[in-house]
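Report on the structure
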Amino acid sequence: MEQRRAYWDDTHLYEVDTEVIAVCDEPTSGIAVREGIVHPKGGGQPDDAVTVDGGPVSVSKDDAAVWLHPEGDLPAVGESVHVAIDPEVRRRHAALHSAGHLLDACVVPLGFVGVGLSHAPGQAFLLYDVDGGTLPDGEDAKVALVETVLDRAREHVAAALPFGAEVDAEGVRRVTIEGLQTDPCGGTHVRTTADLTGIEITRVRTKKGQLKLSYTAEHA
Ligand SMILES: [Zn+2]
């Protein structure tokens, strides 16, 4: 069984006719398909919203494949099915995820090191330990930090920096914002930073010596 990680190659491939290559019974009945356009939850990015032959399915993953779990009878191995993801959900997830990379590239040079994140709609955040920088002390300092970060981010958006990805010899996928940052990542990304709009830092918190930036962004 070999499933192709099509979502690594094309964020904007929203539907495909593809072959069932495996079925499973445990823990829930499901199918794996050849062309894996579905992003499974991971790395801070949620599952896609998915249908198989028009019916909604839940998503899971293991080491072998991304599994789709339809209601009712399963198609057999070798049958063709139509797999579709919700384009708006995918675009929102890709934008939030990509904006997370971009903001991170603006925050780290200020003397912080990332220790946690989420790219989930409505609750996206980046969490940092201090690494040579200074935690903002008081509201004015927080506003100043946000302005510094957003100024940098806006410059990078204006420059339309391409997102690229390569899988290295160890099988680790490394995602690069050209000229800015390379990180190991299995998520979906916009084509360039210019695809990002509405980037805002909605909340700054300093607690237990850490900096937490809540943010939002949309697909242009
Ligand atoms: Zn990523």
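What you are looking at is a predicted structure, and each value in this text was computed from that prediction instead of being measured.

Under the present numbering, the feature "domain: Threonyl/alanyl tRNA synthetase SAD" (unreviewed entry) in UniProt falls on residues 172-215. Note that residues 172-215 is 0% helix and 61% strand, and that its end C-alpha atoms are spaced 27 Å apart.

This part takes up the packing of helix α2 (residues 87-107) against helix α3 (residues 139-158). Between α2 and α3, the least distance of the axes is 9 Å, while the angle of their chain directions is 125 degrees. What the angle tells us is that α2 and α3 run oblique. Here the hand of the crossing between α2 and α3 comes out right-handed. Counted together, Leu102, Leu103, Cys106 and Val107 of α2 and Val149, Leu150, Arg152, Ala153, His156 and Val157 of α3 form the full contact between these two elements.

For the rest of this paragraph, the subject is the coordination of the zinc ion. The protein atoms that coordinate the zinc ion are His97 (NE2), His101 (NE2), Cys185 (SG) and His189 (NE2), at distances of 1.9 to 2.1 Å. In this structure, the zinc ion is coordinated by four donor atoms arranged in tetrahedral fashion, with angles at the metal of 100 to 123 degrees. Between the donor residues of the zinc ion, the gaps in sequence give the motif H-x3-H-x83-C-x3-H. Of this pair, His101 sits in helix α2 while His189 sits in the loop between β11 (181-184) and β12 (196-207), placing them 88 residues apart in sequence. Under the relative-accessibility criterion, His101 is labelled buried at 9%.

Conventions used here
- Residues take numbers from 1 onward in each chain, read along the sequence in its written order.
- Where totals are concerned, whole chains, interfaces and linings use all residues; where local detail is concerned, this predicted model gives features only for residues with pLDDT of at least 70, and gives and counts side-chain atom pairs only at 80 or more.
- To obtain the side-chain values, all non-hydrogen atoms of the structure were included, while hydrogens and water were left out.
- UniProt positions are given in the numbering used here, feature names are shortened, and annotations may be inferred rather than shown by experiment.
- Note on conventions: DSSP H or I runs of at least 4 residues are helices, E runs of at least 2 residues are strands, and numbering of each starts at the N terminus.
- A fitted line through C-alpha atoms serves as each axis, taken over the contacting stretch for helices, and the angle formed by two N-to-C directions is quoted from 0 to 180°.
- Throughout this description, any angle smaller than 35 degrees is read as roughly parallel, any larger than 145 degrees as roughly antiparallel, any in the 65 to 115 degree range as roughly perpendicular, and the remainder as oblique.
- Each crossing gets its hand from how the near helix is turned against the far one by less than a right angle, where anticlockwise is left-handed and clockwise is right-handed.
- Throughout, a contact is declared for two residues whenever any of their heavy atoms are within 4.5 Å.
- A donor here means an N, O or S atom no more than 2.8 Å from the metal, or no more than 3.2 Å when the metal is Na, K or Ca. Since water is not included, a site may seem to lack partners.
- Tetrahedral means four donors with every angle between 85 and 135 degrees, whereas square planar (four donors) and octahedral (six donors) require angles over 155 degrees between opposite donors and between 65 and 115 for all others; sites fitting neither are termed irregular.
- Think of it in three bands: with a 1.4 Å probe and only protein chains considered, a residue is buried below 20% of the maximum accessible area for its type, exposed above 50%, and partly exposed in between.

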